[in-house]
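For reference, the chains in residue letters:
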Amino acid sequence: MSQLPDQVACSGFSRRTFFRFAAGASALAGMPVLTEPLLAHAARPHFTDPNIGIHIDANENPMGPCEAARQAMIDIIPRGGRYLFPMEDEPGEIFAKQEGLDPESVIPFAGSTEPLHYTVLAFTSKDRPLVIADPGYEAPMWAAQVAGAPILKVPLADPRGAAIHDIKAMLAASSNPGVIYICNPNNPTGTCTPRADIEYAVANAPKDTILLIDEAYVHLCDAPRSTDFVKEGKNVIVLRTFSKLYGMAGIRMGFAIGRPDLLAKIVPFGGQNSLPITAVAAAKASLLQPDLVATRKKKIADIRNDTLAWLKSEGYATTPSESNCFMLDVRRPGKEVQAALAAKDMFVGRIWPAWPNSVRITVGTPEEMAAFRKDFTEVMSSNTAGLTPAPLPRRLAEHPFTHLS
Ligand SMILES: Cc1ncc(COP(=O)(O)O)c(C=O)c1O
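Residues numbered from 1 in each chain as written. Predicted model: local features only at pLDDT ≥ 70, side-chain atom pairs only at ≥ 80, totals over all residues. Heavy atoms only, no water.

Q: Is there a simple way to explain the site of the ligand in this structure?
A: As a matter of local geometry, the ligand sits amid 17 residues, with T113, D214, Y217, T241 and S243 nearest to it. One of the side-chain N or O atoms of N187 is found 2.8 Å from an oxygen atom in the ligand. Separating an oxygen atom of the ligand from a side-chain N or O atom of S243 is a distance of 2.6 Å. The fraction of the free accessible surface of the ligand (390 Å²) that becomes covered by protein chains is 99%. Put simply, the ligand lies in the largest pocket. (Near = heavy atom within 4 Å. Polar contact = N/O pair within 3.5 Å; in protein donor to acceptor, adjacent residues only side chain to side chain. Areas by Shrake-Rupley, 256 points an atom, 1.4 Å probe, with all protein chains shown as cover. 1 Å grid on protein atoms, 1.4 Å probe; cavity = no way out; pocket = protein on both sides within 12 Å on 5 of 7 lines; lining within 4 Å. Sits in = over half its atoms within 2 Å of the grid points.)

Q: Help me out: how do you make sense of the layout of surface pockets in this one?
A: Over the atoms a probe the size of a water molecule is rolled, and this reveals where empty space is left. In this structure, the largest pocket occupies an estimated 1,100 Å³ of space. F47, R252, H403, L404 and S405 are the residues nearest the centre of the largest pocket, which is lined by 48 residues in total. Those elements that place two or more of their residues in the lining of the largest pocket are β1 (54-56), α6 (113-123), α7 (139-147), β5 (179-183) and α16 (394-397). If one sorts the elements of the lining of the largest pocket by residue count, α6 sits on top with five residues. Grouping the constituent residues of the lining of the largest pocket by class yields 23 nonpolar, 17 polar and eight charged. (Points joined across faces, edges and corners; volume = space filled by probe spheres on them. Helix = DSSP H or I, 4+ residues; strand = E, 2+ residues; numbered from the N terminus. Nonpolar A, V, L, I, M, F, W, Y, C, P; charged D, E, K, R; others polar.)

Q: What's the story with the environment of P50 in this structure? I'm lost.
A: Along the polypeptide, P50 turns up in the loop between α3 (36-39) and β1. For P50, a relative accessible area of 63% puts it in the exposed group. With 297 residues separating them along the chain, P50 and F347 place their C-alpha atoms 9.6 Å apart. (Buried < 20%, exposed > 50% of the residue type's maximum accessible area, 1.4 Å probe, protein only.)

Q: Explain the pattern of salt bridges here, please?
A: Pairing is possible between side chains that carry opposite charge, provided their charged atoms lie close to one another. Considering all chains together, one arrives at 14 salt bridges under this definition. Across the pair R160 and D329 runs a salt bridge, and its minimum N-O distance is 3.6 Å. On the criterion of sequence distance, the pair formed by R160 in the loop between β4 (151-155) and α8 (167-172) and D329 in strand β9 (residues 325-329) is long-range, its members being 169 residues apart. Relative accessible area serves as the criterion here: at 15%, D329 is assigned to the buried category. Across the salt bridge formed by R195 and D228, the nearest N and O atoms sit 2.5 Å from each other. (Salt bridge = Lys/Arg side-chain N within 4 Å of Asp/Glu carboxyl O.)

Q: Where do I start with helix α14 (residues 334-342) in this structure?
A: Working note: α-helix, 3.6 residues per turn, so residues spaced by three or four point in the same direction. Counting buried positions along α14 gives seven out of nine residues, so the element sits mostly inside the fold. Among the residues making up α14, those that are buried are G334, E336, V337, Q338, A339, A340 and L341. Among the structural elements, β10 (346-348), β11 (358-362) and α15 (366-380) are those in contact with the buried residues of α14. (Contact = heavy atoms within 4.5 Å.)

Q: Can you walk me through the sheet that holds strand β3 (residues 130-134) in this structure?
A: Whenever strands of a sheet pair, they do so through backbone hydrogen bonds, lying parallel or antiparallel. With mixed pairing, the seven strands of this open sheet are ordered in space as β2-β8-β7-β6-β5-β3-β4. Of all strands in the sheet, those bounded by a partner on one side alone are β2 (106-109) and β4. Taken over all neighbouring pairs, the strand axes of this sheet differ in orientation by 25° on average, direction set aside. Direction of pairing for β5 relative to strand β6 (residues 210-214): parallel, over a ladder of five bridges. (Pairing = 2+ DSSP bridges. Axes fitted to C-alpha atoms, helices over the stretch in contact; angles between N-to-C directions.)

Q: Quick question: what am I supposed to make of the side chain of T124 here?
A: Within the fold, T124 resides in the loop between α6 and β3. Of the polar contacts made by the side chain of T124, one reaches the backbone oxygen of V120; its length is 2.7 Å. In this view, T124 contacts P129, L130, A144, A147, A149, G178 and V179; residues no more than four positions away in its chain are not counted.

Q: Just checking my understanding: could you explain the nonpolar core for this structure?
A: Within soluble globular proteins, side chains that are nonpolar generally end up buried alongside one another. Residues L328, I361, F372 and F376 are the most contacted members of the largest nonpolar core, which totals 81 residues. When residues of this core are assigned to their parent elements, the largest contribution, eight residues, is made by helix α12 (residues 277-287). When near neighbours in sequence (up to four residues on either side) are disregarded, I361 contacts I56, N324, C325, F326, L328, V348, M369 and F372. With 31 residues, the next largest nonpolar core counts V120, I210, I237 and V267 among its residues. (Core = buried A, V, L, I, M, F, W, Y, C linked by side-chain atoms within 4.5 Å.)

Q: Help me out: how do you make sense of unusual backbone geometry in this one?
A: Leave glycine aside and you will find that most residues have negative phi; peptide bonds, for their part, are mostly trans. Between N184 and P185 the backbone carries a cis peptide bond, its omega angle lying at -5°. Within the secondary structure layout, P185 lies in the loop between β5 and α9 (195-204). In this structure, the amide linkage connecting N187 to the following residue, P188, adopts the cis form with an omega of 25°. Even without a glycine there, the phi angle at D345 is positive, about 60°.

Spelled out as structure tokens, the structure:
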């Protein structure tokens, strides 16, 4: 990267902080405003009052931030009157060192939603489609709508079995995609796409197509990480978040990982914002806990596997999840079951139009999953015909940028 101007170099701004600020100054003026009709086709999550009932609807981590992260946030609060810009680079530097990455290829954001949105805005257009698996995480589609880009949904391969990305069909969907989005493990199915298939995508995508590999849930599975493609200089941007395994969804921290020249194209869309210092402190502390990932991964896997085994013993089909969510085939309109469970203050995830008879279940605590089994048994032995979820609360219904999880 070129030399920073002197006044910036002397002011305590790091290179990357400066980079984010400088880039952010130019791009926002051209962004179109999302309107409700534009988003109408996307299923909207029915988030309800988190203080009422059991919420296994948003792929959150009920454990919350680890002890070290909590303490780090408490300790930084007295300094909350400051921006503390130089501190922003610390989590990315620690992460880069741990992963053997060039620190210039890691940029922090307040969650991974931001870089996801910006990557799609930067690399898709009316002539450069977004290719995405179906069912898949919808947020990239919302961004593609903003960019005016065609959205090419490709059904998952082997939907009743492995339910993985159909990489060859995704590559065949367009001769010049702007972005091919691969979510590994996939939300909502929790399934991992084999490494060989992802390698095939990297090797065979058109040369100026970006593979956006969303690893929001990767800590929960054994799948090989895709950060090595960045080290090899490929056209790959990897997303990581602290919202899932690290239990920091409400604290907001994530990374975009990619070649610096690719990152330079996404930061203009939002690189001017500074990060919450509590999130920076908590992320740093979390990364420095040596056993955190392994311990939490096992805890969540044990609860998930118990739940999947119970559902199987009851005769229900689920996706073979390696994550903190899975799709459950309820053999009737999923929205009826969702509504019947909600009437018991048991809130489960949304329905994807491609799989209308399935609902997404998030893995909660053992107590929450025990309550789910009881409520689910009762609902499935009752008549749910005609039930529909309550209308969206006003804030969500009127807010075009509703967060997805
Ligand atoms: C696949 C995937 N990517 C990205 C996100 C965004 O998460 P956050 O902005 O909290 O990092 C989510 C949230 O659930 C997700 O499921």
